[in-house]
Amino acid sequence: KLGYVRSASNKVVPHERCPLNEKIIDDIANFTLNEIDTTYLRALFIRKASGENGGIMVCPIFKKPTDVKHYARRLRNEFPRVESVMSGVCAGRDFIIESCKFKHVLGEEGIIDELCGLEFFISPKSFYQVNHDCAESLYEKVLSLLDANEYKNVADLFCGTGTIGLIVAKRTGAYVYGVEIEPEAVKDAKNNATLNEISNIEFFEKDAKDFDRPVDACIIDPP
C-alpha cells in the first residue's frame, strides 16, 4: 500500500492525496503502484525541483535488485517532467536512506534546482532541504548574520550538497570549508561549485568532529 510511516512506529498510514504535495507527486506514486513489480518494493523516493515546471527524480527502492527499465520508459512517457529515474536497494532490516545503493536507470542521474540565485545538482542520497521557500528564508537569515569583514573563514558543517556554503561564498566573499561525511553529497557539492563558478570554497569528505581548520564562524544546517 502507498502511504507515509506513522511517527514513532513502522506502520504505514495509507493515502492517495497529500495536501503538502504538488498533485503530480501523488499521480506518479499511484502510477508506480499500478505499473511496477511491487514484489520487493520497499519505498518510493520522489524529489521535485521548485517551480511549476521543475524537473522530477523518481527512485523506487527495493529489498532486492529489480529490473525497472520498462517502468522507467512508461513513466517518462506519461510524465515528461520526470528527468531522472534511479533504482535503489535497501536490504537491511531497518530502512535508512543513507544505506541504500542507487543505480541509474534512465534520463539524468539527478535534477537541478535553483535556490537563492544559484543552481544545485541533487542526486538521490544528497541532503537537500525539502521546503524550498523556508530554505531560502533560512539561508537569507544566515547571510544577514555573517559580516564578511569579520568572518573571513567559515566552516559549513554537515554541508550536504553545499547549498549554504556556496551561497555564503558567493554573496559574502568569505572562504568557506564544506564538511560532509557522505561521498555522493561531497561529489555533488564539488560539481555545484563548478556549476556556479565559485572558487572560494573547499569541500572535505569527513566526519565533522575530525575537521580541524581554524575558522571565524561555523554554520550548522538544522535537519
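Now for a look at the structure at hand.

Calculation rules
- Residues numbered from 1 in each chain as written.
- Predicted model: local features only at pLDDT ≥ 70, side-chain atom pairs only at ≥ 80, totals over all residues.
- Heavy atoms only, no water.
- Helix = DSSP H or I, 4+ residues; strand = E, 2+ residues; numbered from the N terminus.
- Rg over C-alpha atoms; globule rule 2.2 N^0.38 Å.
- Buried < 20%, exposed > 50% of the residue type's maximum accessible area, 1.4 Å probe, protein only.
- Areas by Shrake-Rupley, 256 points an atom, 1.4 Å probe, with all protein chains shown as cover.
- Lys, Arg positive; Asp, Glu negative; His and termini not counted.
- Charge placed at Lys NZ, Arg CZ, Asp CG, Glu CD.
- Pairing = 2+ DSSP bridges.
- Axes fitted to C-alpha atoms, helices over the stretch in contact; angles between N-to-C directions.
- Parallel < 35°, antiparallel > 145°, perpendicular 65-115°, else oblique.
- Left-handed = near helix turned anticlockwise from the far one by under 90°.
- Contact = heavy atoms within 4.5 Å.
- Nonpolar A, V, L, I, M, F, W, Y, C, P; charged D, E, K, R; others polar.
- Right-handed = clockwise from strand over helix to strand, strands pointing away.
- Phe/Tyr/Trp six-rings, centres within 6.5 Å; stacked < 30°, edge-to-face > 60°.
- Disulfide = S-S within 2.5 Å.

1. Topic: the overall build of the protein chain
Check the secondary structure of the protein chain and you find five helices and 12 strands. For 223 residues, the compact-globule estimate of 2.2 N^0.38 gives 17 Å, and the protein chain sits close to it at 19 Å. Taking the principal axes of its C-alpha atoms as reference, the protein chain extends roughly 55 × 35 × 30 Å. Relative to its full complement of 223 residues, the protein chain shows a buried share of 44%. Entry remark: accessible area of the protein chain is about 12,600 Å², with carbon and sulfur atoms responsible for 50%. Computed over 28 positive and 35 negative side-chain charges, the inter-centroid distance for the protein chain is 8 Å.

2. Quick look at the sheet that holds strand E5 (residues 82–89)
Ordered by their spatial adjacency, four strands build an open sheet running E3-E4-E5-E6, and the pairing between neighbours is mixed. Looking along the sheet, the strands with just one partner apiece sit at the ends: strand E3 (41–48) and strand E6 (101–107). With strand direction ignored, the average angle separating the axes of adjacent strands in the sheet is 20°. Here E3 runs beside strand E4 (residues 56–62); their pairing, made up of seven bridges, is antiparallel. Residue pairing across strands places Leu44 opposite Pro60, the latter belonging to E4.

3. Considerations on the packing of helix H3 (residues 132–145) against helix H4 (residues 163–172)
Helix-helix packing is characterised by the crossing angle of the two axes and by the distance between the axes. Put simply, H3 and H4 touch, their axes get as near as 10 Å, and they point 45° apart. Comparing their axes, H4 and H3 come out oblique. Between H3 and H4 lies a crossing of right-handed hand. Across the interface between the two elements, Tyr139, Glu140, Val142 and Leu143 from H3 touch Thr163, Ile164, Ile167, Val168, Arg171 and Thr172 from H4. Partitioning the contact of H3 with H4 into residue classes produces six nonpolar, two polar and two charged.

4. A closer look at the pairing of E5
In terms of burial, E5 is largely enclosed, as six of its eight residues are buried. In the sheet, E4 pairs with E5 via five bridges, with the strands oriented parallel. Residue Phe62 lies in a different strand from E5, and its bridge partner there is Val89. Crossover E4 to E5 through helix H2 (residues 69–78) is right-handed.

5. Things to note about the sheet that holds strand E10 (residues 175–180)
Taken together, the four strands give an open sheet; going across it, the order is E11-E10-E9-E12, and neighbouring strands pair in parallel fashion. Two strands lie at the open edges of the sheet, namely strand E11 (201–205) and strand E12 (217–220), each paired on one side alone. Here the average twist between neighbouring strands, direction ignored, is 20°. Pairing of E10 with E11 involves five bridges; the strand directions are parallel. From the neighbouring strand, Val179 faces E11, where its bridge partner is Phe204.

6. Quick word on the packing of aromatic side chains
Describing an aromatic ring pair means giving the distance of the ring centres and the angle of the ring planes. Under the definition given, this model contains six aromatic pairs. For the ring pair Tyr177 and Phe211, a centre distance of 5.8 Å and an interplane angle of 50° mean the geometry is tilted. Of this pair, Tyr177 sits in strand E10 while Phe211 sits in the loop between E11 and E12, and the two are 34 residues apart along the sequence. The exposure class assigned to Tyr177 is buried, which follows from its relative accessible area of 11%. Through a chain of ring-to-ring contacts, three or more aromatic side chains come together here, namely Tyr175, Tyr177, Phe204 and Phe211.

7. Quick word on the state of the cysteines
For the structure on display, the rule yields zero disulfides. The thiol of Cys18 is unpaired, and the distance to the nearest cysteine sulfur, on Cys134, comes to 15 Å. Free of any disulfide, Cys90 has its nearest cysteine sulfur in Cys100, 4.0 Å distant.

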